[in-house]
Amino acid sequence: MRLRSVELELPDVGQAADFLSGVWGLVAAGKSKETQFFRGSGTHPYILSITKSSTPAVSAITFSGSADEVGKLGRPNTSYDMPGGGKGLEIRGPEAQNYRFIVESSPVAALSDKDKPIQLTHAVLNSADQEASERFAVEKLGFIVSDRTAHMRFLRCNRKHHCVAYAKSALPSLNHIAFEMKDVDAVMRGIARMREAGYEAVWGPGRHGPGNNVFGYFIAPWGGVIEYTAEVSEVGDDYRVGTPEDWKWPPGRIDHWGLSKKDTAKTGPAEQVLRFKAAS
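Not measured: the values here are computed from a predicted model.

Analysis parameters
Residues numbered from 1 in each chain as written. Predicted model: local features only at pLDDT ≥ 70, side-chain atom pairs only at ≥ 80, totals over all residues. Heavy atoms only, no water. Buried < 20%, exposed > 50% of the residue type's maximum accessible area, 1.4 Å probe, protein only. Helix = DSSP H or I, 4+ residues; strand = E, 2+ residues; numbered from the N terminus. Pairing = 2+ DSSP bridges. Salt bridge = Lys/Arg side-chain N within 4 Å of Asp/Glu carboxyl O. Axes fitted to C-alpha atoms, helices over the stretch in contact; angles between N-to-C directions. Contact = heavy atoms within 4.5 Å. Polar contact = N/O pair within 3.5 Å; in protein donor to acceptor, adjacent residues only side chain to side chain. Phe/Tyr/Trp six-rings, centres within 6.5 Å; stacked < 30°, edge-to-face > 60°.

Trainee: Would you mind going over the pairing of strand β12 (residues 164-168) in detail, with residue names and values included?
Mentor: Within a regular strand, the side chains alternate between the two sheet faces. Burial of β12 is extensive: four of the five residues sit out of reach of the surface. Sheet topology places strand β9 (residues 119-127) next to β12; five bridges connect them, and they run parallel. From the neighbouring strand, Val124 faces β12, where its bridge partner is Ala165. Pairing between strand β11 (residues 152-156) and β12: four bridges, direction antiparallel. Note that in β12 the partner of Met152 across the bridge is Ala167.

Right, here's the structure in full:
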């Protein structure tokens, strides 16, 4: 199973499309009615979709896997009009999260561009009930807990340290989307490219504790938080689940390098912009 894409609904899709296919580095991957799709340099047909809507929202967090993997979750009885096509199903979480699971389609050819995002590596979701969301992801979706901190729960669906995480919050929303880059240099070049385009990092560069990944966070034109990241740890079945006691930083430090400062005055509101769309 792999995290495949995030499906967003936005008021100004033109502005978002220009940003995504411009400075952020994605590639337009087609349209379907009101929806535009964007791919990375990896083999997924697309990794982000945007649909015109009067209110910003998340319509789904999409995963892809084999027919057997998806079949274990339920009958894939819905056909989706998207690049690569595919049948799947949707499962609602305890806080209205919408998880979509698609039977893996044929991969597209990878692009040889070291400065483009490759794929999504994780989506962090704000949660008012982390216990319920974690339990649901383990018992219903088959995910595995990697680490728990005082603020977050990290879960994986393959060897990558986390595909989804739940951040403690007063209400459920999309905290941020993480785009995987080739390496640390690609992350740093991405941060520089964004700065030159007028987008200052709101957190980073730095290296996280859980997952050990390098990061740089920005606020996108639609108001939500997006991340360039690289070097996310891979773990096996013998990985010991970390506890809040394992992930305490010295005073004044919030990552391994000890250099980063998080602009919480900007990230706090931005992490609440995208709520999950209500079931129709």
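Trainee: Tell me what's going on with the pattern of salt bridges, and back it up with residues and numbers.
Mentor: Under the counting rule described, the total for this entry stands at 16 salt bridges. Here Lys160 ties to Glu180 by a salt bridge, and the two come within 3.4 Å at their closest N and O atoms. Of the two residues, Lys160 sits in the loop between β11 and β12 while Glu180 sits in strand β13 (residues 173-180), which places them 20 residues apart along the sequence. A network of salt bridges, in which partner residues are shared, links Glu131, Glu134, Arg148 and Arg153.

Trainee: Go over the sheet that holds β9 with me, naming the residues and quoting the values.
Mentor: Ordered by their spatial adjacency, eight strands build an open sheet running β10-β11-β12-β9-β13-β16-β15-β14, and the pairing between neighbours is mixed. What marks the edges here is a single partner per strand, and that holds for β10 (144-148) and β14 (203-207). The sheet shows a mean angle of 20° between the axes of neighbouring strands, direction not considered. Inspection of the sheet shows strand β15 (residues 214-219) paired to strand β16 (residues 225-230) by six bridges, in the antiparallel sense. Opposite Phe218, over in β16, you have Ile226 as the bridge partner. Sheet contacts for helix α3 (residues 130-139): β9, β10, β11 and β12; angle to β11, the most-contacted strand, approximately 5°.

Trainee: A description of the side chain of Ser169 should follow, citing residues and the corresponding values.
Mentor: When you line up the elements, Ser169 lands in the loop between β12 and β13. On the basis of relative accessibility, which here comes to 16%, the residue Ser169 falls in the buried class. A distance of 3.2 Å separates a polar side-chain atom of Ser169 from the backbone oxygen of Leu171. In this view, Ser169 contacts Asn126, Ser127, Ala128 and Gln272; residues no more than four positions away in its chain are not counted.

Trainee: Which residues make up the side chain of Glu271, and what values go with them?
Mentor: Here Glu271 is to be found in the loop between α5 (264-270) and β17 (275-276). In this structure Glu271 touches Asn126, Ser173, Leu174, Asn175, Val225 and Lys262, once residues within four positions along its chain are discounted.

Trainee: Help me get a handle on the packing of aromatic side chains, residues and values and all.
Mentor: In this structure the tally under the stated criterion is 14 aromatic pairs. With centroids separated by 4.8 Å and ring planes inclined at 70°, the aromatic side chains of Phe37 and Tyr46 adopt a geometry described as edge-to-face. Of the residues examined, Tyr46 reaches a relative accessible area of 0% and is grouped as buried. Geometrically, the ring pair formed by Phe218 and Tyr228 is edge-to-face, given 6.2 Å between the ring centres and 75° between the ring planes. You can see Phe218 sitting in strand β15 and its partner Tyr228 sitting in strand β16, a full 10 residues away along the chain. Like Tyr228, Phe218 is buried. Each residue in the set Phe19, Trp24, Phe179, Tyr199, Phe218, Trp222 and Tyr228 is aromatic and connected to the rest through ring pairs, giving one cluster.

Trainee: For the pairing of strand β3 (residues 35-39), give the residues involved together with the corresponding values.
Mentor: A large share of β3 lies buried, amounting to five of its five residues. Across the two faces of β3 the burial is the same, with Thr35, Phe37 and Arg39 and Gln36 and Phe38 all buried. Where strand β2 (residues 27-32) meets β3, four bridges bridge the pair, whose relative direction is antiparallel. The residue of β3 that forms the bridge with Val27 is Arg39. Alignment of β3 against strand β4 (residues 48-52), held across four bridges, turns out to be antiparallel. Residue pairing in the sheet places Gln36 in a bridge with Ile50 of β4.

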